[in-house]
Amino acid sequence: MEEKEKTPAQLRQEALLDDRKNGYDRLTPEDEAAMQSYCEDYKKFLDAAKTEREAVDEVVRLAQAKGFVPFTRGMSANPGDKFYRVNRGKAIMLAVIGDKPLADGVSIGAAHIDSPRLDLKPEPLYEDSEMAFLKTHYYGGIRKYQWVTIPLELHGVIVKKDGSTVKVAIGTCPGDPLFTVDDLLPHLGAEQSKKPLGEAIPGESLNILVGSRPFKDDDGSDRVKLAILDILNQKYGLVEADFISAELEAVPAFRASDIGFDRSLIGAYGQDDRVCAYASLAALLETERPAHTAVCMLADKEEIGSEGVSGMKSAAFDTFMSDLCDAQRVALKVCYEHSFCLSSDVTAAYDPNFASVYDKYNAARVNYGMGFCKYTGARGKSGASDASAEVVGFVRRTLDDAGVIWQMSELGAVDAGGGGTVAVYMAERDIDTLDAGVPVLSMHSPFETTGKLDCYMTYKGMKAVYQAH
Ligand code: MN
Ligand code: MN
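Basis of the calculations
Residue numbers restart at each chain and count upward from 1, following the sequence in its written direction. Chain labels run from A onward and ligand labels from 1 onward, assigned in the order the entries are written. Local features in a predicted model are, by the rule used here, given only for residues with pLDDT of at least 70; side-chain atom pairs are given and counted only at 80 or more, and totals for whole chains, interfaces and linings are based on all residues. By convention in this description, side-chain values take in all heavy atoms of the structure and omit both hydrogens and water. Each helix is a run of H or I in the DSSP string that is no shorter than four residues. Each strand is a run of E no shorter than two, and both are numbered from the N terminus. When a residue's accessible area, from a 1.4 Å probe over protein chains only, is under 20% of the maximum for its type it is buried; when over 50% it is exposed; and in between it is partly exposed. Being paired, for any two strands, means DSSP has found at least two bridges between them. Here, residues are in contact when the closest pair of their heavy atoms is within 4.5 Å. Lines fitted to C-alpha atoms define the axes, with helix axes restricted to the stretch in contact, and inter-axis angles between N-to-C directions lie between 0 and 180 degrees. We call an atom a donor if it is N, O or S and sits within 2.8 Å of the metal, or 3.2 Å for Na, K and Ca. Water is not counted, so some sites may look partial.

Colleague: Tell me about unusual backbone geometry, residues and numbers included.
Modeller: Cis geometry is adopted by the peptide bond preceding Asp-273, which originates at Asp-272 and carries an omega value of 10 degrees. Counting through the fold element by element, Asp-273 comes out in helix α7 (residues 271-285). With a phi close to 55 degrees, Arg-263 is a non-glycine residue in the positive phi region. Within the secondary structure, Arg-263 sits in the loop between β12 (257-259) and β13 (265-268). Given the relative accessible area of 52%, Arg-263 is considered exposed. Even without being glycine, Asp-430 reaches a positive phi, approximately 75 degrees.

Colleague: Could you give me a rundown of the sheet that holds strand β23 (residues 448-451), with the residues and numbers involved?
Modeller: Spatial ordering of the open sheet is given by β12-β13-β23-β22-β16, a layout of five strands whose pairing is mixed. Lying at the two open borders of the sheet, with one neighbouring strand each, are β12 and β16 (347-348). Examined bridge by bridge, β12 and β13 share three bridges and lie antiparallel to one another. In the sheet register, Asp-258 faces β13, and the bridge partner there is Ile-266. With respect to the sheet, α7 is in contact with β13 and β23, its orientation differing from that of β23 by roughly 35 degrees.

Colleague: Help me get a handle on the coordination of the manganese ion (ligand 1), residues and values and all.
Modeller: Within the protein, His-112 (NE2), Asp-272 (OD), Asp-345 (OD) and Asp-345 (OD) serve as the donor atoms for the manganese ion (ligand 1), at 2.1 to 2.6 Å. As a motif over one chain, the donors of the manganese ion (ligand 1) read H-x159-D-x72-D. Taken as a pair, the manganese ion (ligand 1) and the manganese ion (ligand 2) lie 3.3 Å from each other and share Asp-272 as a ligand. One end of the pair, His-112, is in strand β4 (residues 106-112); the other, Asp-345, is in the loop between β15 (340-344) and β16, with 233 residues separating them in the sequence.

Colleague: Just give me the short version of the coordination of the manganese ion (ligand 2), but keep the residues and values in it.
Modeller: Asp-272 (OD), Glu-303 (OE), Glu-303 (OE) and His-444 (NE2) make up the full set of protein donors to the manganese ion (ligand 2), lying at 2.0 to 2.6 Å. When the donor residues of the manganese ion (ligand 2) are listed from N- to C-terminus, their spacing reads D-x30-E-x140-H.

Colleague: Tell me about the sheet that holds strand β9 (residues 180-181), residues and numbers included.
Modeller: Whenever strands of a sheet pair, they do so through backbone hydrogen bonds, lying parallel or antiparallel. Pairing within the open sheet is antiparallel, and its seven strands lie in the order β8-β7-β11-β5-β6-β10-β9. The open sheet has two edge strands with one neighbour each: β8 (165-170) and β9. Relative to strand β11 (residues 246-252), strand β5 (residues 117-128) runs antiparallel, the two being bridged by two bridges. Bridging across to β11, Leu-118 finds its partner in Ala-250.

Dropping the structure here:
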């Protein structure tokens with residue numbers, strides 16, 4: 001059949017319109033295969049790293065296997081060297097030294113490895129009506145109603161009075177017990193059902209059920225609590241006061257799984273922001289002799305404002321960078337002002353079930369690739385770093401040249417709400433920064449959903465940035 005000649009309108013359309021296509025219509029066979037194997041590795045990472053501490057342990061393990069060594073002050077830093085430094089077990093910085101001097105700046109991928117969860121209070125254990133519970137104080141922006149009646153695991157550390165540390169991860173091994181927060185039965189929920197979603201489950205009712213069997217004795221009070229303490233004492237050598245110096249986090253007991261008949265999606269806890277943390281890391285681990293030094297920063301405490309000694313506001317990052325710069329006799333500020341950072345954090349994926357909170361013309365879509373956000377923030381970009389047109393132009397070029405499928409996006413409709421990332425804290429350091437990451441459905445819920453194509457393209461995008469700048 002003869003090919004029909006294109007109409008003038010068709011020709012102009014092809015030349016002028018920004019024609020957004022589904023990523024699967026553009027995916028090459030090579031990328032298809034690489035995407036599948038990348039996502040299998042990513043799911044393993046998710047299951048191994050359910051807390052920021054576990055993420056750091058897993059990152060160290062993967063980095064060491066690729067030849068990374070701890071960077072200590074006073075070491076030299078030569079092209080091809082691979083370093084990491086752990087900040088208090090909860091954040092980690094890695095670098096591959098480039099051929100150009102640090103005075104020419106570095107390419108940074110910054111993501112966070114903390115996720116919303118239920119933290120135990122300092123005095124958590126109590127008994128009521130012959131049932132034992134742990135009191136919690138939620139961490140990060142959760143929708144409380146989503147955290148009841150789901151299976152929970154307990155992870156973290158307990159520092160005993162003698163200074164020794166006990167690591168806990170209960171629920172990860174087959175046969176382990178799990179925990180849960182109970183909710184009202186519908187038969188008695190008439191009053192609760194009238195309340196707004198945000199008030200139906202008060203924070204003080206997020207108490208984790210941990211036991212019901214009394215200590216074998218005829219009298220005494222709180223025998224269920226005593227029996228729990230007895231088990232903890234036998235297993236870990238704990239006494240009740242040890243909870244005071246503990247960081248115990250209840251996290252959903254879900255395994256990372258393929259979602260959908262077509263297995264095109266991944267469902268898991270903590271994909272905000274381990275999906276970008278893993279992408280930033282995996283890309284760095286494959287970066288050999290970049291032009292500019294490539295740096296991967298995996299921060300803690302993003303979900304509560306990047307505060308604290310392990311958050312992105314902490315000087316730990318500057319100290320690491322300054323120590324690297326000292327090795328090449330370069331001033332830190334000179335390095336920073338020539339550097340570029342991709343703040344790699346998730347964005348909201350357009351959800352047709354809740355269409356009204358999105359601007360569909362500017363929303364990130366599942367399977368449309370890595371999602372850039374020129375700005376985040378709320379109420380008129382408040383709290384955003386708002387990257388310059390020049391920076392966006394640089395990234396656009398870099399990713400197009402590397403064959404990365406990407407999209408431009410905003411988190412949601414202007415008045416619907418908003419959010420922030422670590423971008424603003426990188427920008428404050430005089431580092432040009434752009435937000436980019438994976439679109440997520442059900443963000444901050446116990447079971448978040450991402451598209452495999454977007455996960456893989458974010459990794460590919462990070463790799464392009466490490467290697468191109
Ligand atoms: Mn995030
Ligand atoms: Mn978040």
